[in-house]
Amino acid sequence: MPAENGAINYILNHSDSVFCIQEEKTSALPVDRSILSDASGVESLIASSKVLGTQKFYVGSYGCDDNPESVVKIDSFVYFANKSRQEVYRFSPDTGVSVISESGMKQYFRNIFNRVIAGDGGVRVVGGYD
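This one's a predicted model, so the numbers in the text were calculated from it and none came from an experiment.

A. Representation of the nonpolar core. Formed by 13 residues in total, the largest nonpolar core has its most connected members in Phe19, Ile21, Val71, Val78 and Phe80. Breaking this core down by element, the ones donating at least two residues are β2 (17–22), β7 (77–82), β8 (87–92) and β9 (96–99). Those residues in contact with Val78, other than ones at most four positions away along the chain, are Leu12, His14, Phe19, Ile21, Val71, Val72, Lys73, Tyr89, Arg90 and Phe91. Counting 5 residues, the second largest nonpolar core, distinct from the first, contains Ala81, Phe113, Val123 and Val125.

Structure representation (structure tokens):
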């Protein structure tokens, strides 16, 4: 994993890949497969003799900012938060990473993160799903 994306904060099994959340980036490593892309960007999975295939990075600088306790996997979705960016994300295998805190809740999350960060400095962002 490239060090410029920060430390690995969370790794989980996601279908046929290892899903990795670093401090500032998310990616997938296909297991026993490789991803090939053609000139138009269409991706295809092929069998491979390598244990781990080529790492695929998802668009955007979306990581969990050293808070692995914020990561929650529900079915094929993965939810996590980034306290420095004051955002909450949802990963979907179909659409990649999206900022769900911007859907009418941006100021709410900004206020919560600012209040917690301004506290004693020990910030834990615990994720959950209801």
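Text resumes after the structure shown.
B. View of a nonpolar patch on the surface. Together, Met1, Ile8 and Ile11 make up an exposed nonpolar region whose accessible area comes to about 270 Å². Take Ile8: it is sitting in strand β1 (residues 8–14). Overall, Ile8 belongs to the partly exposed group, its relative accessible area being 43%.

C. Representation of the side chain of Asp65 within the structure. Inspection of the secondary structure assignment puts Asp65 in the loop between β5 (56–57) and β6 (72–74). According to the relative accessible area criterion, Asp65 is buried, its value standing at 9%. With residues near it in sequence (within four places) discarded, Asp65 still touches Asn9, Glu23, Glu24, Asn82, Lys83 and Ser84.

D. Main features of the pattern of salt bridges. Counted according to the given criterion, the structure contains 2 salt bridges. In this structure, Lys83 engages Asp65 in a salt bridge whose closest nitrogen and oxygen atoms are separated by 3.5 Å. Residue Lys83 is located in the loop between β7 and β8, and its partner Asp65 is located in the loop between β5 and β6; the two are separated by 18 residues in the primary sequence. Lys83 sits in the buried class, given a relative accessible area of 16%.

E. Representation of the pairing of β8. Most of β8 sits inside the fold, with 5 of its 6 residues counted as buried. Strand direction decides the pairing type here: β7 and β8, joined by 5 bridges, are antiparallel. Directly across from Ala81, in β8, lies its bridge partner Val88. Between the antiparallel neighbours β7 and β8 lie 4 residues, among them Gln86 with a positive phi of about 55°. Here β8 folds back onto β9 in antiparallel fashion, the turn holding 3 residues.

Cut-off values and rules
Residues numbered from 1 in each chain as written. Predicted model: local features only at pLDDT ≥ 70, side-chain atom pairs only at ≥ 80, totals over all residues. Heavy atoms only, no water. Core = buried A, V, L, I, M, F, W, Y, C linked by side-chain atoms within 4.5 Å. Buried < 20%, exposed > 50% of the residue type's maximum accessible area, 1.4 Å probe, protein only. Helix = DSSP H or I, 4+ residues; strand = E, 2+ residues; numbered from the N terminus. Contact = heavy atoms within 4.5 Å. Patch = residues over 30% accessible without salt bridge, like charges linked within 9 Å, V, L, I, M, F, W, Y side chains within 5 Å. Areas by Shrake-Rupley, 256 points an atom, 1.4 Å probe, with all protein chains shown as cover. Salt bridge = Lys/Arg side-chain N within 4 Å of Asp/Glu carboxyl O. Pairing = 2+ DSSP bridges.

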